[in-house]
Each structure stands twice: as structure tokens, then as C-alpha cells.
Amino acid sequence: MEKSISIEAKRFKQVREEQNYTQHSFAELLQIGSTTADIERGKTKLSGKAVMELLHQFNINPLWLFGNSFNQYLDVNNGNVSPKVVSIDKHEKETILLVNQKAAAGYPHNVQDVGWYDTLPAFNIPLPEYRNATYRGFQVEGDSMLPNIRPNEWVLGKAVSNISEASDSRIYIVVLHDSVLVKKLQKITNAPNKVRLISLNPEYLPINVEVKNIQELWQVNSKLSFGVDEPSETTLFKQLQQSMEELKGQINNLKQ
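Residues numbered from 1 in each chain as written. Predicted model: local features only at pLDDT ≥ 70, side-chain atom pairs only at ≥ 80, totals over all residues. Heavy atoms only, no water.

The protein chain is annotated in an unreviewed UniProt entry as LexA family transcriptional regulator of Marixanthomonas ophiurae.

This is how it looks when you write it as C-alpha cells:
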């Protein structure tokens, strides 16, 4: 009689398939040999190392793995992405710090250095929209968020305390361990330990990042623009079209 396959073997296979790994590549990732075939067939027991790697790599709940819980995932890092330092003025009111492109390069490495923040300019906006919350301004580098956000513009972000509070398809300032990005955020259904960062400019491909690599998250709710009287390329194109149509009309009148 054929031996029945254990629930942990079935769920182990389920995780592998959900994450789109082959048996060979999954074994390499978990450092448990050359293939996961014997585990999935029930010939080899699931080792403690494999269980710990599943928890570390994908937040897989060990209790779920062995059939003792309905929750497949555990939030190991608690998704904490709140500001590590806040700034206050002499009246003990929070100020808005401005991080230009040059400062942004060092921001991830100084995110907990109170003294470093003293080098940044700070100001207040006396509007009700900026009360009862922590805000920070970042200067945008590059054209990945065109046409909504242009290079060198400033975006103001409201602090997010936990990744669970982030909303799909909103634009965020994402502070990673090595960079500061302004992207549209999208949660990944079958991988709660990861999020997808999307550029508005179609020339840039989406990137997936692990939640544990996000130090801070700021939801963009406003921006500072300069040169607002400058006509956009779209406006210029429409003006050119209109001029061409007028010229065509004048030529047709001459022919008549």
C-alpha cells in the first residue's frame, strides 16, 4: 500500500509552487540539498532547517505548515516602517525636514542618527492638512515618475507607521537600506513579505522588494512645483497642431 503524503509535505510543495520555484532551485534557496522531490513525495522528513528557512525567506508559519493553524504567514518583522527620528522646533512642535538629492544619498545610512538630521533644513506649514501627523519632504531624482512628478520637484510625504497601513496604487517615498525611491506601491497577494514598486514612466520596469528591507515609508500627498507657467510638451504639441490647422485653412482659402 502506498504511503500517504503528510500535510507538511503537501504544504511545502504548495509554497514552492506559489513562489514559482523548481524543485532544484527551491532546494538551493533553502540550502537543503539538490532537489525537494523526496520531501514532496513524503520520502524525506521536513527538516528544522527547512522550516526555519521558509519562515525567514517567506514568513511561512510553522504551525500552518504542520496543519495546526489556518494562518499561512507570520509577520516576523511586524512591518514597522515608522520614522526613526522626528524633528521639533523650540515650541516643541514637529517640523517638516527637507531631504534634497544629495542628502538622500546618505539618508538610508543615517536614518537613526539624530545629529545628522540637524544638518537638514526644517520648516512648518500652517495648514490644517499638515497637523497631527509627521511629514517629510524629499527631492525627486530622475524621470521614473513622469508625467506626474518631474525631476527635481519636491514631494511631501506623511509618515506610515506599519506596512499594513499602506494602500495599493498610492505613491510613496520608500526608504530602503541603500536608497530612497519614489514609487507607486502594490502589495503582492501570495507574498505578504514583499511589495512591488512601480514607476509611472513605462520605460522603467517594476521591482519587488522585501518588507524587511524597508526602513521608512512616507505616503506622498502633495508636491512643490516650480516653473508652473512653463508650457508642457503636451500643451506645445496642441499649440503646434492648432497652428498647422490654421495654416492649412489659409492655404485652402488661397486656392479658392
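Chemist: How should the overall build of the protein chain be read in this particular structure?
Modeler: Across its full length, the protein chain carries 8 helices and 9 strands. Relative to its 256 residues, the protein chain shows a buried fraction of 39%. Counting contacts in the protein chain only where the partners sit at least 6 residues apart, residues at least 24 apart contribute 59% of the total. Accessible area of the protein chain: about 15,800 Å², with a carbon and sulfur share of 51%. (Helix = DSSP H or I, 4+ residues; strand = E, 2+ residues; numbered from the N terminus. Buried < 20%, exposed > 50% of the residue type's maximum accessible area, 1.4 Å probe, protein only. Contact = heavy atoms within 4.5 Å. Areas by Shrake-Rupley, 256 points an atom, 1.4 Å probe, with all protein chains shown as cover.)

Chemist: Teacher, can you tell me more about the packing of aromatic side chains here?
Modeler: Centre-to-centre distance and the angle between the planes together describe a pair of aromatic rings. In the structure shown here, the tally under the stated rule is 10 aromatic pairs. Pairing Tyr 107 with Trp 116 gives two aromatic rings, centres 5.8 Å apart and planes at 75°, and the pair type is edge-to-face. We classify Tyr 107 as buried; its relative accessible area is 0%. We classify Trp 116 as buried; its relative accessible area is 16%. Taken together, the aromatic side chains of Tyr 107, Trp 116, Tyr 117, Phe 138 and Trp 218 make up a single cluster linked through ring pairs. Taking the ring centre of Tyr 204 as reference, the NZ or CZ of Lys 183 above it sits at 5.7 Å. (Phe/Tyr/Trp six-rings, centres within 6.5 Å; stacked < 30°, edge-to-face > 60°. Lys NZ or Arg CZ within 6 Å of the ring centre and 35° of its normal.)

Chemist: I keep staring at unusual backbone geometry and nothing clicks. Help me out?
Modeler: When glycine is set aside, most residues are seen to have a negative phi, and most peptide bonds are trans. Note the cis peptide between Leu 146 and Pro 147, where omega equals 5°. Note on placement: Pro 147 falls in the loop between β3 (135-139) and β4 (154-160). Even without glycine at this site, Asn 132 takes up a positive phi of about 60°. Mapped onto the secondary structure, Asn 132 falls in the loop between β2 (122-123) and β3. Of note in the backbone geometry, Ser 169 takes a positive phi value of approximately 70° without being a glycine. Judged by relative accessible area, Ser 169 falls into the partly exposed class, the value being 47%.

Chemist: For this particular structure, what's the right way to read the sheet that holds β4?
Modeler: In sheet architecture, strand pairing relies on hydrogen bonds along the backbone and comes in two forms, parallel and antiparallel. The strand order β2-β1-β3-β4-β9-β5-β6-β7-β8 describes an open sheet built from 9 strands, whose pairing is mixed. Every other strand in the sheet has two partners, leaving β2 and β8 (207-210) as the edge strands with one partner each. (Pairing = 2+ DSSP bridges.)

Chemist: In this structure, what is going on with the pairing of strand β5 (residues 171-176)? I would like to understand it.
Modeler: The two faces of the sheet receive side chains in turn, since in a regular strand these alternate between them. Counting buried positions along β5 yields 6 of 6 residues, so the element is predominantly enclosed. Residue alternation in β5 divides its side chains into two sets, Ile 171, Ile 173 and Val 175 and Tyr 172, Val 174 and Leu 176, and both sets are buried. Judged from the 5 bridges that link them, β5 and strand β6 (residues 180-187) form a sheet pairing that is antiparallel. Within the sheet, the bridge partner assigned to Ile 173 lies in β6 and is Val 182. In sequence, β5 turns back onto β6 through a hairpin of 3 residues.

Chemist: For this particular structure, what's the right way to read the nonpolar core?
Modeler: Within soluble globular proteins, side chains that are nonpolar generally end up buried alongside one another. Formed by 21 residues in total, the largest nonpolar core has its most connected members in Tyr 107, Tyr 117, Val 155 and Val 182. The set of elements that each furnish at least two residues to this core consists of β1 (96-99), α6 (101-106), α7 (114-117), β5 and β9 (214-224). Broken down by element, the residue count for this core peaks at 3 residues, all from β5. Those residues in contact with Val 155, other than ones at most four positions away along the chain, are Arg 136, Gly 137, Phe 138, Val 140, Ile 149, Ile 173, Val 182, Val 220, Ser 222 and Lys 223. (Core = buried A, V, L, I, M, F, W, Y, C linked by side-chain atoms within 4.5 Å.)

Chemist: Would you mind going over the packing of helix α2 (residues 23-30) against helix α4 (residues 48-58) with me for this structure?
Modeler: Contact geometry of α2 with α4 gives a least axis separation of 9 Å together with a crossing angle of 90°. Between α2 and α4, the angle is such that the two are roughly perpendicular. Of the residues in α4, those in contact with Phe 26, Leu 29 and Leu 30 of α2 are Lys 49, Glu 53, Leu 54, Gln 57 and Phe 58. Here the contact of α2 with α4 is composed, by residue class, of 5 nonpolar, 1 polar and 2 charged. (Axes fitted to C-alpha atoms, helices over the stretch in contact; angles between N-to-C directions. Parallel < 35°, antiparallel > 145°, perpendicular 65-115°, else oblique. Nonpolar A, V, L, I, M, F, W, Y, C, P; charged D, E, K, R; others polar.)

Chemist: Is there a simple way to explain α2 in this structure?
Modeler: Three- or four-residue spacings in an α-helix give side chains the same orientation, since the helix completes a turn every 3.6 residues. Every buried residue belonging to α2 is among Phe 26, Ala 27 and Leu 30, and all of these are buried. Seen along its axis, α2 keeps its buried residues to an arc of 100°; they face one direction. Summarising the contacts, the buried residues of α2 are in contact with α1 (7-18) and α4. A positive backbone phi angle near 60° is found at Gln 31, which sits one or two residues after α2. (Arc of directions from axis to C-beta.)

Chemist: Help me out: how do you make sense of the environment of Gln 215 in this one?
Modeler: By secondary structure assignment, the location of Gln 215 is in strand β9. In this structure Gln 215 comes out as buried when scored by relative accessible area, which is 10%. Taking the C-alpha atoms as reference points, Gln 215 and Asp 178, separated by 37 residues in sequence, lie 9.9 Å from one another. Within the structure, Gln 215 has its side chain in polar contact with the backbone oxygen of Leu 176 (distance 3.0 Å). (Polar contact = N/O pair within 3.5 Å; in protein donor to acceptor, adjacent residues only side chain to side chain.)

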